[in-house]
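Read off the chains here:
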2 protein chains.
Amino acid sequence: MSRFINHNNAIPKYFQLASILKSQIDEGEWKPRQSIPSERQLELQYKVSRPTVRQAIEYLEKLGYIYREHGRGTFVSPQKLQKKMLELTSFSEDLLRKGIQPSQIICSINHVVPSEKILSRLELPLESSVLRIERIRLGDEIPIGLQISYVVLGDDQQIDEDDLQQYGSLYRVMEEKLNIIPTEADETLEVTLATPEEATLLQVKAGAPLLLNERLTYDQNRKPVEFVKILYRGDRYQYIIRLTR
Amino acid sequence: MSRFINHNNAIPKYFQLASILKSQIDEGEWKPRQSIPSERQLELQYKVSRPTVRQAIEYLEKLGYIYREHGRGTFVSPQKLQKKMLELTSFSEDLLRKGIQPSQIICSINHVVPSEKILSRLELPLESSVLRIERIRLGDEIPIGLQISYVVLGDDQQIDEDDLQQYGSLYRVMEEKLNIIPTEADETLEVTLATPEEATLLQVKAGAPLLLNERLTYDQNRKPVEFVKILYRGDRYQYIIRLTR
DNA sequence: AATAATAACTGGTAATGACCACATAACAAC
DNA sequence: GTTGTTATGTGGTCATTACCAGTTATTATT
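Residues numbered from 1 in each chain as written. Chains lettered and ligands numbered in written order. Predicted model: local features only at pLDDT ≥ 70, side-chain atom pairs only at ≥ 80, totals over all residues. Heavy atoms only, no water.

### Comments concerning the overall build of chain A
Next up, step 1: Looking only at helices and strands, chain A has eight helices and nine strands in total.
Next up, step 2: When burial is assessed residue by residue, chain A has 50% of its 245 residues classed as buried.
Next up, step 3: For chain A, the accessible area works out to roughly 12,200 Å², and carbon and sulfur atoms hold 48% of it. (Helix = DSSP H or I, 4+ residues; strand = E, 2+ residues; numbered from the N terminus. Buried < 20%, exposed > 50% of the residue type's maximum accessible area, 1.4 Å probe, protein only. Areas by Shrake-Rupley, 256 points an atom, 1.4 Å probe, with all protein chains shown as cover.)

So, in structure tokens, the structure goes:
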């Protein structure tokens, strides 16, 4: 990709500069813990103002690629810290990132009136209908998790089985077909034991330990749009988290 | 607290303004989803420049208190979204937040040469010695977790049992006594089954499901300073996470 | 009353300029 | 060779100014 900022491009200059620096980091231009050019050097080199440079650098810092030290410089984060902050991803995205081929078996997809607990989580009045999608998630053809999503749809919105197969990910369907952009989520993780039904679906013994993940997802306007329960086979799933202080 | 920016204060103006706005939000000056004064209004009201206002607002947005919509305004986030991004906290802090009184039984605290795996995680050469602290963590007097920490200390640094009791938290000891500031961490969560020894310590049956949390903590200079394994009783611990996109 | 055009208000991007605070390098004095 | 001072380079804070892009309110036209 280009090493230069296109001053006539609609893409903001700070973003272009951030992308350039990110590429250079990815390509090993600077080793971890090595300093990158100073703000004033970048200002001269790319012919942008120092606030614009600082905005690009702050953006990369936010993503974890670099860190800054007052009076000393700006440094490349050690490789393992060069990861995005904990981000909201779909199950499919999670597995792809781990190098596992995700696939799914759609057990059912229909409109239901869920429990009061779920309606409460979704901030919906009683007797509201939502789309319930039950799926077995597989990684490299092996069952990994059992997932039940409750999606809040508008009156003129619908998701069907073809959508899920075609787009590959529920979040992608929401974004591209419905203009619902999953933005934030709250999750809980806890241990549970497989019921006979769950055991059958996940190909484990009844009573086997499972990891229960419940997630409430909000859209770009902070409105709850999905409540999902995922039961992971305890032996096949490791949840990875990145924390900051 | 003051409603005004002290222009002679050493505390940055953007930070003072952010604190003022945060207090007003906390005190219900604006309801969730209600707009706060525009950037230009705040500029006039507090006699600071618009870039300074924007920096304060960006800070609050980062913390989750507000969200912005291009061309529309700046709004207070719904209450439940007004939470700090997922942050690195100690076990004690976690429980206090949940309204549970944390306490601990220190099983052992001594210098050891840990396994190669742990040395690798801590980026230490072979045969390095670290401080190993084994504790049973209790919430409201009930065993919740078994925690084994491997802490990297400098040659002139030491932590003993009195330190842990006196400061109440390992992170507090590190910060206040050793000037080691835990800043970032990577965690994994997975399900495991209690060995007979673990079962005894946690007062569960052997083979009971446990939640295994492994965390590698970095200090302010991104150096690994602690590797910790925590086994939680599956029936008494729920892990809560906040995600963004 | 409905519709289109315009104005006003909102957040977003960018430059110029100045100064503060921290860290390090260079230099002078002993 | 050591120590203290000064200079330089670094990131951090702040103000002023201008313009862009999105949204909403107001006004004009039909």
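### Describing the protein's contact with DNA strand C
Next up, step 1: Taken together, 24 residues are adjacent to DNA strand C, and Lys13, Ser49 and Thr52 of chain A together with Arg50 and Arg68 of chain B come closest.
Next up, step 2: Those atoms of DNA strand C that come within 4 Å of the protein belong to sugar or phosphate at a rate of 65%.
Next up, step 3: In the model, a base nitrogen of DNA strand C is placed 2.7 Å from a nitrogen or oxygen of the Arg50 of chain B side chain.
Next up, step 4: His70 of chain B is positioned such that a nitrogen or oxygen atom in its side chain is 3.1 Å from a base nitrogen of DNA strand C.
Next up, step 5: At the level of elements, helix H1 (13-26) and helix H3 (50-63) of chain A together with helix H2 (39-46), helix H3 (50-63), strand E1 (66-69) and strand E2 (73-76) of chain B are the ones that each hand at least two residues to the surface near DNA strand C.
Next up, step 6: When grouped by side-chain class, the residues that make up the surface near DNA strand C number four nonpolar, ten polar and ten charged. (Near = heavy atom within 4 Å. Polar contact = N/O pair within 3.5 Å; in protein donor to acceptor, adjacent residues only side chain to side chain. Nonpolar A, V, L, I, M, F, W, Y, C, P; charged D, E, K, R; others polar.)

### What to know about the protein's contact with DNA strand D
Next up, step 1: Within the structure, DNA strand D sits among 24 residues, and Arg50 and Arg68 of chain A together with Lys13, Thr52 and Arg72 of chain B are positioned closest to it.
Next up, step 2: Separating a phosphate oxygen of DNA strand D from a side-chain N or O atom of Thr52 of chain B is a distance of 2.6 Å.
Next up, step 3: Looking at the surface near DNA strand D, the elements that each hand over two or more residues are helix H2 (39-46), H3, strand E1 (66-69) and strand E2 (73-76) of chain A together with helix H1 (13-26) and H3 of chain B.
Next up, step 4: Element by element, the count of residues in the surface near DNA strand D is highest for H3 of chain B, at four residues.
Next up, step 5: For the surface near DNA strand D, a count of residues per class yields four nonpolar, ten polar and ten charged.

### Some details on the environment of Arg50 of chain B
Residues and elements named next belong to chain B.
Next up, step 1: By secondary structure assignment, the location of Arg50 is in helix H3.
Next up, step 2: In this structure, the C-alpha to C-alpha distance between Arg50 and Glu39, residues eleven residues apart in sequence, is 6.5 Å.
Next up, step 3: Ignoring sequence-local partners within four residues, the contact set of Arg50 consists of Glu39, Arg40 and Glu43. (Contact = heavy atoms within 4.5 Å.)

### Observations regarding the confidence of the model for chain A
All names here are of chain A.
Next up, step 1: Per-residue pLDDT for chain A has a mean of 82; in total, 86% of the residues score no lower than 70.
Next up, step 2: Within chain A, strand E9 (residues 239-244) has the poorest average pLDDT of any element, 57, and H2 the best, 94.
Next up, step 3: Of the regions scoring below 50 in pLDDT, residues 82-87 engages in 24 contacts with residues more than four places distant in sequence or in other chains. (pLDDT = per-residue confidence, 0-100.)

### Looking at unusual backbone geometry
Residue and element names in this part refer to chain B.
Next up, step 1: With phi around 55°, Lys47 is a residue other than glycine that occupies positive phi space.
Next up, step 2: Inspection of the secondary structure assignment puts Lys47 in the loop between H2 and H3.
Next up, step 3: A positive phi angle, near 70°, is found at Glu127, a position not held by glycine.
Next up, step 4: Tracing the backbone shows Glu127 in the loop between helix H5 (116-121) and strand E4 (130-139).

### Points about the environment of Pro102 of chain A
Next up, step 1: Looking at where Pro102 of chain A falls in the secondary structure, it is placed in strand E3 (residues 102-112).
Next up, step 2: Separated by 66 residues in sequence, Pro102 of chain A and Gly168 of chain A have C-alpha atoms that sit 9.2 Å apart.

### Thoughts on the pattern of salt bridges
Residue and element names in this part refer to chain B.
Next up, step 1: Across all of its chains, the model carries 16 salt bridges over all chains by this definition.
Next up, step 2: A salt bridge links Arg50 to Glu39, with the nearest nitrogen and oxygen atoms 2.8 Å apart. Of this pair, Arg50 sits in helix H3 while Glu39 sits in helix H2; the two residues are eleven residues apart in sequence, bridging distant segments of the chain.
Next up, step 3: Here Arg132 and Glu134 are joined by a salt bridge, their closest N and O atoms 3.0 Å apart.
Next up, step 4: For Glu134, a relative accessible area of 13% corresponds to the buried category. (Salt bridge = Lys/Arg side-chain N within 4 Å of Asp/Glu carboxyl O.)

### Some thoughts on the pairing of E1 of chain B
Next up, step 1: Two strands pair when backbone bridges link them, and E1 of chain B and E2 of chain B are joined in this way by four bridges, in the antiparallel orientation. For Tyr67 of chain B, the partnering residue across the bridge sits in E2 of chain B and is Phe75 of chain B. (Pairing = 2+ DSSP bridges.)

### Structural notes on the side chain of Thr74 of chain B
Residue and element names in this part refer to chain B.
Next up, step 1: Within the fold, Thr74 resides in strand E2.
Next up, step 2: You can call Thr74 buried: its relative accessible area is 7%.
Next up, step 3: Contact partners of Thr74, with chain neighbours within four places excluded, come to Gln34, Ser35, Ile36, Ile57, Ile66, Tyr67 and Arg68.

### What to know about the packing of aromatic side chains
Residue and element names in this part refer to chain B.
Next up, step 1: Considering all chains together, one arrives at eight aromatic pairs over all chains under this definition.
Next up, step 2: Relative to Phe15, the ring of Tyr14 has its centre 6.4 Å away and its plane inclined at 90°; by these criteria the two rings are edge-to-face.
Next up, step 3: Residue Tyr14 is classed as partly exposed on the basis of its relative accessible area, which comes to 27%.
Next up, step 4: A residue is classified by how much of its surface remains accessible, and Phe15, at 32% relative accessible area, is partly exposed. (Phe/Tyr/Trp six-rings, centres within 6.5 Å; stacked < 30°, edge-to-face > 60°.)

### Considerations on helix H7 (residues 170-178) of chain B
Residue and element names in this part refer to chain B.
Next up, step 1: Of the residues making up H7, those classed as buried are Leu170, Tyr171, Val173, Met174 and Leu178. Take H7 and look down its axis: the buried residues cluster within an arc of 160°, on one side only.
Next up, step 2: On the buried face of H7, the contacting elements are E4, strand E5 (142-151), helix H6 (161-167), strand E7 (209-218) and strand E8 (224-233).
Next up, step 3: Positioned one or two residues after H7, Asn179 has a phi angle of 60°, which is positive. (Arc of directions from axis to C-beta.)

### Some points on the environment of Ala199 of chain A
All names here are of chain A.
Next up, step 1: Mapped onto the fold, Ala199 is located in helix H8 (residues 196-202).
Next up, step 2: For the pair Ala199 and Leu210, spaced eleven residues apart in sequence, the C-alpha separation works out to 9.5 Å.
Next up, step 3: Apart from residues no more than four positions distant in its own chain, Ala199 is found in contact with Ala194, Val204, Lys205 and Ala206.

### A closer look at the packing of H1 of chain B against H3 of chain B
Angle between the axes and distance between the axes: these two values describe a pair of packed helices.
Residues and elements named next belong to chain B.
Next up, step 1: The interhelical angle for the contact between H1 and H3, taken along N-to-C directions, is 55°, at an axis separation of 8 Å. As far as their axial angle goes, H3 and H1 are oblique. The crossing of H1 and H3 is right-handed. When H1 is examined against H3, the residues Lys13, Tyr14, Phe15, Leu17, Ala18, Leu21 and Lys22 are found in contact with a partner set consisting of Thr52, Val53, Gln55, Ala56, Tyr59 and Leu60.
Next up, step 2: Split by residue class, the contact of H1 with H3 holds nine nonpolar, two polar and two charged. (Axes fitted to C-alpha atoms, helices over the stretch in contact; angles between N-to-C directions. Parallel < 35°, antiparallel > 145°, perpendicular 65-115°, else oblique. Left-handed = near helix turned anticlockwise from the far one by under 90°.)

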